[in-house]
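Residue-level listing of the chains:
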Amino acid sequence: MKRQVESLIAWLEDRTGLPGAIQSFLDEKIPASGGWHQVFGSVAMFLFLTQAFTGILLAFNYAPTPGEAYNSLRYILTEVTGGRLIRGLHHWGASMMIVVVVLHMMQVFVFGAYKKPRETTWMLGVVLLLLTLTYGLTGYLLPWDNRAYWGTVVATKIAASAPIAGPYMTRLLGAAKGVGVVTFARFYAVHVLLLPPATMLLILAHVYLVRRHGVTPQPGDETLPRKPFYPAQVFKDTAAIFIAFAVLFTLAVAAKAPLEQLADPTDTTYIPRPEWYFLFLFQTLKFFEGPLEIVGSTILPGLAVLALFAVPFIDRARMVKVTRRTVAIGFVILACIGWGGLTAAAVMSTPREAVAQVDYSAPTDWIQLSPEEMAGIAYFRQESCASCHSAGSSLGPDLTRTAIHKDAAWMIRHFKQPAAVRPGSDMPPVELGDAQLNSLAAFLLKLTPENASALAEAPDFAVRGAVVYQAGHCAACHMVNGVGMKVGPPLNGLAKRQTRSWVDDHFANPQKLSPGSIMPPYQLSAEDKKNLTAYLFTLPE
Amino acid sequence: MASALGLPALAYLLTPPKSKQQKLWIEIGELNKFATGAPLEVAFRRNRTDAWKVVSEKDTAWVVKRADGGVTAFGPQCTHLGCAYHWDDGRQQFLCPCHSSLFRIDGSVISGPAQRPLDRYETKVENGKLMLGRLGTATERRA
């Protein structure tokens, strides 16, 4: 076996030279000072490859047009096996890549590794940082939800404000008439067609230059023997990659990548916020108003990028030990404090969501239920029915099994006197009024094995809102999801027609806002009003 | 790491997605408008879920009311290569114009190249109205 492997390697060496090239790559001598601080480049490369892999997988199920993008992403998240994990890896991988690329640059900066003859290696690194940020900017639009749309509106407006280049930038971004299909096509093309090959080419050039000039030695290294890249440094790089992957995988599993409602260009209440790594720019903009705005939007960021490129030409002093590079260390600390302070200020100035939001990254089948069925979910939760009636529980039958469903009248009799209807039943009577029991029965009759987990996703504010709707007998005049009367206007699509504050005020005094309305006034508690309005605003058109 | 990425990727690409439930039964019309032993092609619209889209599309079925009062509804495509066949009144057979496959009124093959009987819809009659369900092979429907 060993001989066969050796002859295969010999054959490959003869035909391709690959084994020899790998060997010389691993045998490369690095300075004695090499170590853990030099792992970030390898981790960044690994994260780039992970992004490429998960991006390709997403593209297999993603339709890149504004009309379809959102629905196809929801399909990936709610129906495709592993879709949520793949999207989570891509979403959190993007953030981690920014973190690791910046850590890599900070390490190079602090150690002065950009100095002669490594100026071009540094400058290529700056370009790679800008490409990484461009991935973030262009990828942000692709889910085509409200967050993506409004964030991109702001980004394109900033580009438009650039002196001289502004109008050209706007046209280049396809946003001359606002963010739309052309903007989307261009962002997608840049994200998947332009950036990946450019990144690969630049990484190759970057790695070539690292190899050409060797890993940067520290003062004192000249007296110590150099060591091979393999195995000590390879082990450190691999361990760092493993840790990064473990963090990424945990984030992808444990933290939901956000998806808001479908982009709505008419939503005047949406407050856009950029991704966390751009928040410092967003906050900087607040310091410059009116004609000075371009200072924050273009001039300062432009100067910062120029300064980054110029670093090797500004600092041309000879190499000193990292512990003596106090100016560089102080600069990095100041930059971190500045960035952290601006980001924290932006986070603190973000208004808390005044109203509950629907998680559109999960199934939203509950939106199709009638208010009566929705209220049934509230009673189902209130009475803790699932503690006995769930798949796998031996205490009560699994209520999703349609084969055991009986009619509503039977169920209500059973709720009231379980043992009388099913002799031997241990179930305690459900102590609710008739209307509530009707709701509970209506919901249970909707349950199937297929929709149970999706209906369990119904947010609390919506089911509580439906309870208020039922208690107020709103269905006597209004229709929701095809159920109810048509005396008043149907309430589906209310979010498109009215503002929340209008609806809130309308409950208290309908005639004031709708002269001639026969709707009685409702004195709802603040909590009930909030839940009811939020529920009504989730109803589709 | 390879398995943590590779296995979800394989599941992502190879396992069928959870499908959303669509309205299964389509009402075709009064059963008594069909004459016994005279196949009739009926057209109807049904919603088909195509990943994230629900497409409303025209579909057809050949409906045969049997002498025993039951009803069979055949899918409109020949089981050879999917051409649309028709009922030949003179020969009292289903004839496929593409490669001349012939089927009896019960859907069984008289002569090839088709190898298996015509596909069938699930059928049921409610309040005198014929309803069609999913399309499947004759073997599935008999099972």
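Here, the structure is the one placed above.
Residues numbered from 1 in each chain as written. Chains lettered and ligands numbered in written order. Predicted model: local features only at pLDDT ≥ 70, side-chain atom pairs only at ≥ 80, totals over all residues. Heavy atoms only, no water.

As a further point, take the overall build of chain B. Across its full length, chain B holds two helices and ten strands. Tracing chain B from N to C terminus, the helices and strands come up as α-β-β-β-β-β-β-β-β-β-β-α. For 143 residues, the compact-globule estimate of 2.2 N^0.38 gives 15 Å, and the C-alpha radius of gyration of chain B, at 19 Å, exceeds that figure by more than 25%. When its C-alpha atoms are laid out on the principal axes, chain B stretches across 65 × 40 × 25 Å. When burial is assessed residue by residue, chain B has 37% of its 143 residues classed as buried. (Helix = DSSP H or I, 4+ residues; strand = E, 2+ residues; numbered from the N terminus. Rg over C-alpha atoms; globule rule 2.2 N^0.38 Å. Buried < 20%, exposed > 50% of the residue type's maximum accessible area, 1.4 Å probe, protein only.)

Moving on to the packing of helix α5 (residues 83-111) of chain A against helix α10 (residues 232-254) of chain A. Residue and element names in this part refer to chain A. Axis separation between α5 and α10 bottoms out at 8 Å; the angle between their running directions is 125°. Considering the angle they form, α5 stands oblique to α10. α5 and α10 meet at a crossing whose hand is right-handed. For the pair formed by α5 and α10, the contact residues are L85, G88, L89, W92, G93 and M96 on the first element and A244, V247, L248, F249, L251, A252 and V253 on the second. In terms of residue class, the contact of α5 with α10 is made up of eleven nonpolar, two polar and no charged. (Axes fitted to C-alpha atoms, helices over the stretch in contact; angles between N-to-C directions. Parallel < 35°, antiparallel > 145°, perpendicular 65-115°, else oblique. Left-handed = near helix turned anticlockwise from the far one by under 90°. Contact = heavy atoms within 4.5 Å. Nonpolar A, V, L, I, M, F, W, Y, C, P; charged D, E, K, R; others polar.)

Let us now look at the interface of chain A and chain B. By convention, interface size is frequently given as the accessible area that disappears when the constituent parts associate. At the interface, 29 residues of chain A touch 18 residues of chain B. Where chain A abuts chain B, roughly 2100 Å² becomes buried across the two surfaces, and 68% of that area is made up of carbon and sulfur atoms. Looking only at chain A, the three residues that lose the most surface to chain B are Y75, E79 and T81 of chain A, adding up to 29% of its buried area. Two residues, K53 of chain B and E68 of chain A, come together in a salt bridge whose shortest N-O distance is 3.4 Å. For the interface between chain A and chain B, the tally reads six residue pairs in polar contact (both at pLDDT 80 or more). Residue assignment for the side of chain A that touches chain B shows that the elements contributing at least two residues are α3 (40-59), α4 (66-78), α5 and α10 of chain A. (Buried area = accessible area lost by both parts, 1.4 Å probe. Salt bridge = Lys/Arg side-chain N within 4 Å of Asp/Glu carboxyl O. Polar contact = N/O pair within 3.5 Å; in protein donor to acceptor, adjacent residues only side chain to side chain.)

Turning our attention to helix α1 (residues 2-14) of chain B. Between its terminal C-alpha atoms α1 of chain B stretches 17 Å, which fits the 18 Å expected from 13 residues at 1.5 Å a residue. Here α1 of chain B has its buried residues at L5, P8, A9 and Y12 of chain B. Axial view of α1 of chain B: buried residues confined to an arc of 105°, hence all on one face. Exposed residues pointing more than 90 degrees away from the buried face of α1 of chain B are listed as A2, L7 and L14 of chain B. Looking at the buried positions of α1 of chain B, the neighbouring elements they touch are α3, α4, α5 and α10 of chain A. (Expected span 1.5 Å × (residues − 1). Arc of directions from axis to C-beta.)

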